[in-house]
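# Coordinate analysis (summary)
Each chain, letter by letter, is given below.
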Amino acid sequence: MDFDLTDEQKLIKETVRRFADEEIIPHARDNDVHGRFPADIIAKMGAIGLLGGVVPERYGGSGLDFIADAVIFEEIGRACSSVRTIVSVQVSLAELSILTWGSEGQKTRFLPGLCKGEILGAFALTEPHAGSDAAGIRTTAIKKGGGWLLNGSKTWISTGNRADISIVFAKTSPEAGAKGISAFIVGKDSPGFTSTEIKGKMGLRSADTASLFFHDCLVPEDAMLGKPGDGLKIALASLDNGRYGVAAGCVGIIQACIDASVKYAKEREQFGRPIAGFQLVQDMIARMHVDAEAARLLVYRAGHLKNKGVRNTLETSVAKYFASEAAVRAATDAIQVHGGYGYSDEYPVERYLRDAKVATIYEGTSQIQKLIIGEHLTGIKAFV
Ligand SMILES: Cc1cc2nc3c(=O)[nH]c(=O)nc-3n(C[C@H](O)[C@H](O)[C@H](O)COP(=O)(O)OP(=O)(O)OC[C@H]3O[C@@H](n4cnc5c(N)ncnc54)[C@H](O)[C@@H]3O)c2cc1C
């Protein structure tokens, strides 16, 4: 067992850290306040290969291993969770779904553009009536002429308004239940496709979140990803990758909470000395550090299995559950360390809390992660 990053992974960490410090952090507060989508940052990331993830170089990707991938998510998550969310959806959900399930034609058509950030991707599973119960989606796709006709709607879709392509899940055989779901790559210019922005979010304010509508939306026959009926399998396998990026991003949030809290606690004086010298303040910082270390190792453990190509649903759910809940704990404590100042956007810690909370909800709530873990341990599925 080797807990050290390789020289290449260390170099990637330093490079992404510098990029995050210079290009993301200086704009994070302003983009959050104004709900501004960081298109320029995403374009720059694409140009320097930070959106290529584990996609092989022959498809325009960076050909990284999953630990290096986690290192990138952690460093971006340390800087801004809105940017990390956009990158997670692009890399873990859009690119990896196409890489794993796409035809050779779909891979060569979409992956180079996604990896370079020239096109943006979204992953559209959730519907107004079907969140945790993904098999309960109602969007339908029926064969029409030489293509598929989609009807229905999706909600809470990250990058949904901006995405050039969305991976959309729809029922092609409603009578077959969970086995009757298929996946489609839907272009934003498809006739009958519209989207609207979801406003008033607690956090992730510079990330785009959308409702999507399909009204007799016609897509070509070759828009299907995988085979008819593969949809739920694709969705669940993709979520194993998505949750990994979320967990790694949450390690970044915890690290940002530690960095901000240590700095502030050493500067802020009460009772004639820095508050860092008070044991109860050190208690909060120490707990953050323990959570960061534990979460990071859980992520690396899941990444190690992914590198080996071994099934990792359990380990990824453990990492996602622990890291997201720990990020909320760390951000709450970081605000506490900052006292009244932590409650204002003069310091970034209130944003960390608003952004951390969604990680316990999206890509499967904490309750769903615990049910996945419980099923693995008991052999009994408790959520149907
Ligand atoms: C900012 C944001 C971005 C998102 N981005 C995307 C995206 O890009 N693509 C996408 O497809 N979706 C996305 N989502 C949707 C997200 O994945 C869902 O919100 C999530 O899966 C939960 O579904 P729901 O909101 O319908 O809650 P529900 O499923 O209605 O759950 C409500 C509560 O009930 C609990 N619950 C539900 N079922 C059970 C059960 N069997 N046992 C115990 N408790 C249960 C849940 O844990 C939760 O506490 C996003 C959501 C947000 C907020």
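Residues numbered from 1 in each chain as written. Predicted model: local features only at pLDDT ≥ 70, side-chain atom pairs only at ≥ 80, totals over all residues. Heavy atoms only, no water.

### A short note on the domain arrangement of the protein chain
To keep it simple, the criterion reads: These domain boundaries are the output of an automatic or database domain assignment. Residue contacts are defined here by distance: any two heavy atoms, one from each residue, within 4.5 Å place the two residues in contact. Once two parts are put together, the accessible area they lose, assessed with a 1.4 Å probe and summed over both, is termed the buried area. Between Lys or Arg on one side and Asp or Glu on the other, a salt bridge is scored when a side-chain nitrogen of the former is within 4 Å of a carboxyl oxygen of the latter. Pairing of N or O atoms within 3.5 Å defines a polar contact, subject to two protein rules: one partner must be a possible hydrogen donor and the other a possible acceptor, and residues neighboring in sequence count only if both atoms are side-chain atoms. Elements are defined by DSSP. Helices are runs of H or I of four residues or more, strands are runs of E of two residues or more, and each kind is numbered from the N terminus. When residues are grouped by polarity, Ala, Val, Leu, Ile, Met, Phe, Trp, Tyr, Cys and Pro land in nonpolar, Asp, Glu, Lys and Arg in charged, and all others, Gly among them, in polar.
Structurally, the protein chain comprises domain 1 (7-119), domain 2 (122-232) and domain 3 (235-378). Contacts between the two partners involve 23 residues from domain 1 and, on the opposite side, 19 residues from domain 2. Summed over both partners, the interface of domain 1 with domain 2 buries about 1800 Å², with 68% contributed by carbon and sulfur atoms. Inspection of the domain 1/domain 2 interface yields zero salt bridges. Where domain 1 meets domain 2, there are five residue pairs in polar contact (both at pLDDT 80 or more). Ranked by residues supplied to the side of domain 1 that touches domain 2, first place goes to helix α4 (residues 81-101) with 10 residues. Among the residues making up the side of domain 1 that touches domain 2, the classes are represented as 12 nonpolar, eight polar and three charged.

### As for the pairing of strand β5 (residues 181-187)
Consecutive side chains of a regular strand alternate in pointing toward one face of the sheet and then the other. Convention followed: Relative accessibility decides the category of a residue: with a 1.4 Å probe and only protein chains considered, values under 20% of the type maximum give buried, values over 50% give exposed, and everything between is partly exposed. For two strands to count as paired, DSSP must find a minimum of two bridges between them.
By the criterion of burial, β5 is predominantly enclosed, with six of the seven residues buried. Here strand β4 (residues 165-171) pairs with β5 via seven bridges, running antiparallel. Looking at β5, one finds that Ile 167 is bridged to Ile 185. Bridging between β5 and strand β8 (residues 224-225) involves two bridges; their strand directions are antiparallel. Looking at β8, one finds that Ala 183 is bridged to Leu 225.

### Here's the deal with the pattern of salt bridges
Tallying each qualifying case throughout the model produces 22 salt bridges. Among the ionic pairs, Arg 287 bridges to Asp 283, the shortest N-O distance being 3.9 Å. Residue Arg 287 and its partner Asp 283 are both found in helix α7 (residues 279-308); the two are separated by four residues, about one turn of the helix. The exposure class of Arg 287 is partly exposed, given its relative accessible area of 44%. Between Arg 287 and Asp 333 there is a salt bridge, and its shortest N-O distance comes to 2.7 Å. Remark: Asp 333 occurs in helix α8 (residues 313-338) and Arg 287 occurs in helix α7; sequence separation between them is 46 residues. Among the residues examined, Asp 333 registers a relative accessible area of 14% and is labelled buried.

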